[in-house]
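Observations on chain architecture
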Amino acid sequence: MKVIFDLDYTLLDTTKFKKKLAEIFYGRNFQADYKKYFKNKGLNFSYSQYLKILKRESGVDSQMDKKLALKLKSLMNGLNDYLFPEAEKIIKYFKNAGAELILVTFGDKTWQRQKVKNLSIRKYFNRISFEPENKSLSRLLKSLKNGREEILIINDNAEEAKAMIKILGKKAKVFLLDGPYARNIKHNWPINKLGELL
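Residues numbered from 1 in each chain as written. Predicted model: local features only at pLDDT ≥ 70, side-chain atom pairs only at ≥ 80, totals over all residues. Heavy atoms only, no water.

1. Quick notes on the sheet that holds strand β3 (residues 127-131)
Ordered in space as β3-β2-β1-β4-β5-β6, the six strands form an open sheet in which the pairing is parallel. A single partner strand is all that each edge strand has here, and the edge strands are β3 and β6 (191-192). Here strand β1 (residues 2-5) pairs with strand β4 (residues 151-155) via four bridges, running parallel. In the sheet register, K2 faces β4, and the bridge partner there is I151. Lying over the sheet, helix α6 (residues 109-117) contacts β2 (100-106) and β3, oriented at roughly 150° with respect to β3. Sitting on the sheet, helix α8 (residues 158-168) is in contact with β1, β2, β4 and β5 (172-177), with an inclination near 165° to β4. (Pairing = 2+ DSSP bridges. Helix = DSSP H or I, 4+ residues; strand = E, 2+ residues; numbered from the N terminus. Contact = heavy atoms within 4.5 Å. Axes fitted to C-alpha atoms, helices over the stretch in contact; angles between N-to-C directions.)

2. Brief notes about a positive patch on the surface
Side chains of K92, K117, R122 and K123 sit close together on the surface and give a patch of like positive charge. Of note, K123 is situated in the loop between α6 and β3. Looking at K123, the relative accessible area reads 57%, which means it is exposed. (Patch = residues over 30% accessible without salt bridge, like charges linked within 9 Å, V, L, I, M, F, W, Y side chains within 5 Å. Areas by Shrake-Rupley, 256 points an atom, 1.4 Å probe, with all protein chains shown as cover. Salt bridge = Lys/Arg side-chain N within 4 Å of Asp/Glu carboxyl O. Lys, Arg positive; Asp, Glu negative; His and termini not counted. Charge placed at Lys NZ, Arg CZ, Asp CG, Glu CD. Buried < 20%, exposed > 50% of the residue type's maximum accessible area, 1.4 Å probe, protein only.)

3. As for helix α3 (residues 47-58)
For α3, spanning twelve residues, the distance from its first C-alpha to its last is 15 Å, which sits close to the expected 16 Å at 1.5 Å a residue. Of all the residues in α3, the buried ones are Y47, Y50, L51, I53 and L54. The buried side chains of α3 occupy one side of the element, clustering within an arc of 160° when seen end-on. Looking at α3, the residues exposed on the side facing more than 90 degrees away from the buried face are K52 and R56. Just beyond α3, the residue with positive phi is G59, at close to 65°. (Expected span 1.5 Å × (residues − 1). Arc of directions from axis to C-beta.)

Listed below in structure tokens is the structure:
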């Protein structure tokens, strides 16, 4: 059996993490900026891109740049604190059951790599795939479609899960988690909590 995990809002409490990330940019309305510069434009968040915008618009100098970098490093070093409490237990459960674990994460590659690099759970995954555009275009997923093993997709994003099922076929099943994207399309999947996997 293969188990494909998503990262944000699935294993990582991204809502909690974003609140802490917003604190780094003291004096900015991070949520409004996130919406204006990334979400409304259909772009993936990138820390480096956001910093470029702040340098251009707010005159962030090299001294402030260094302060922000130190704060970000501190946040990233403690990233395990933002995993959902059940995350590692569930990953270990599937690992001990002999499943092949795959992490497929959508977003800005550099930013997602930075997050995964700071997570202790990365050691449990047989494969990690960073998808800049859309998981449905993933070479990795396309390579799995001809296998015979059952595939379990654990994701909070219904639209993404549907696109993955389209590639992988009937051997793939979805365990949809409750989150901001669990209802972004019409579907018949039950919406679950992560702990219910056990």
